[in-house]
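Geometric and topological summary
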Amino acid sequence: MPKAFPKEFRNDVVAVARRGEAPISRTAKDFGASESCLQRWLKIADVEDGIKPGVTQAVLNKNGGTRGRNFRLSIVTWIERTYRGDASNAHSEDSPRSSSR
């Protein structure tokens, strides 16, 4: 299992990466993290800081264990259907398009 980095450390690395003084790969290597790990931290930080839309970690951590995973899956499914225009959901009963005129 990969080593866990403290939240304060992750926040510092994200701040350095956001400055853009070096490529993400270089920043990650300098701090002993993988590039994919730093990319994930950046995505999470963007949502947490309100830069990009999404579900914050506080909401995701609200329900732990299996219930939490199911809750996260239901949130992701809802987001995909709502914002990506899932065709299979286009005529469901809760859709505004389902009104009979």
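In this report, we go over the structure that sits alongside the text. (Residues numbered from 1 in each chain as written. Predicted model: local features only at pLDDT ≥ 70, side-chain atom pairs only at ≥ 80, totals over all residues. Heavy atoms only, no water.)

Here's the deal with the overall build of the chain
From N to C terminus, the chain includes five helices and zero strands. Reading the secondary structure of the chain in the N-to-C direction produces α-α-α-α-α. When contacts within the chain are restricted to residue pairs at least 6 apart in sequence, long-range pairs at least 24 apart make up 33% of them. (Helix = DSSP H or I, 4+ residues; strand = E, 2+ residues; numbered from the N terminus. Contact = heavy atoms within 4.5 Å.)

A closer look at the packing of helix α1 (residues 7–19) against helix α2 (residues 24–31)
Two numbers describe how α1 lies on α2: the axes approach to 10 Å, and their chain directions differ by 150°. Along this stretch, α1 crosses α2, giving a crossing that reads as right-handed. For the pair α1 and α2, contact is made by Phe9, Val13, Val16 and Ala17 and by Ile24, Thr27 and Phe31, respectively. When the residues that make up the contact of α1 with α2 are grouped by side-chain class, the tally is six nonpolar, one polar and no charged. (Axes fitted to C-alpha atoms, helices over the stretch in contact; angles between N-to-C directions. Left-handed = near helix turned anticlockwise from the far one by under 90°. Nonpolar A, V, L, I, M, F, W, Y, C, P; charged D, E, K, R; others polar.)

Observations regarding the packing of aromatic side chains
Within this structure, the stated rule accounts for five aromatic pairs. Where Phe5 meets Phe9, the ring centres are 5.1 Å apart and the plane angle is 15°; that geometry is what we call stacked. Phe9 sits in the partly exposed class, given a relative accessible area of 24%. The interplanar angle of 80° and the centroid separation of 5.3 Å between the aromatic rings of Phe5 and Trp41 together place this pair among those described as edge-to-face. Here Trp41 lies in helix α3 (residues 35–48) and Phe5 lies in the segment before α1, a separation of 36 residues in the sequence. (Phe/Tyr/Trp six-rings, centres within 6.5 Å; stacked < 30°, edge-to-face > 60°. Buried < 20%, exposed > 50% of the residue type's maximum accessible area, 1.4 Å probe, protein only.)

Here's the deal with the pattern of salt bridges
Should their charged atoms come close, side chains of opposite charge can pair. Throughout the structure, instances matching the rule amount to three salt bridges. The partner of Arg18 in a salt bridge is Asp49, with the nearest N and O atoms 2.8 Å apart. In this pair, Arg18 sits in helix α1 while Asp49 sits in the loop between α3 and α4 (57–60), placing the two residues 31 residues apart along the sequence. On the basis of relative accessible area, Arg18 is assigned to the partly exposed category, the value being 37%. Put simply, Asp30 and Arg26 hold a salt bridge, and the shortest N to O gap is 3.1 Å. Here Asp30 and its partner Arg26 are both found in helix α2, four residues apart, which amounts to about one turn of the helix. A network of salt bridges, in which partner residues are shared, links Arg18, Asp46 and Asp49. (Salt bridge = Lys/Arg side-chain N within 4 Å of Asp/Glu carboxyl O.)

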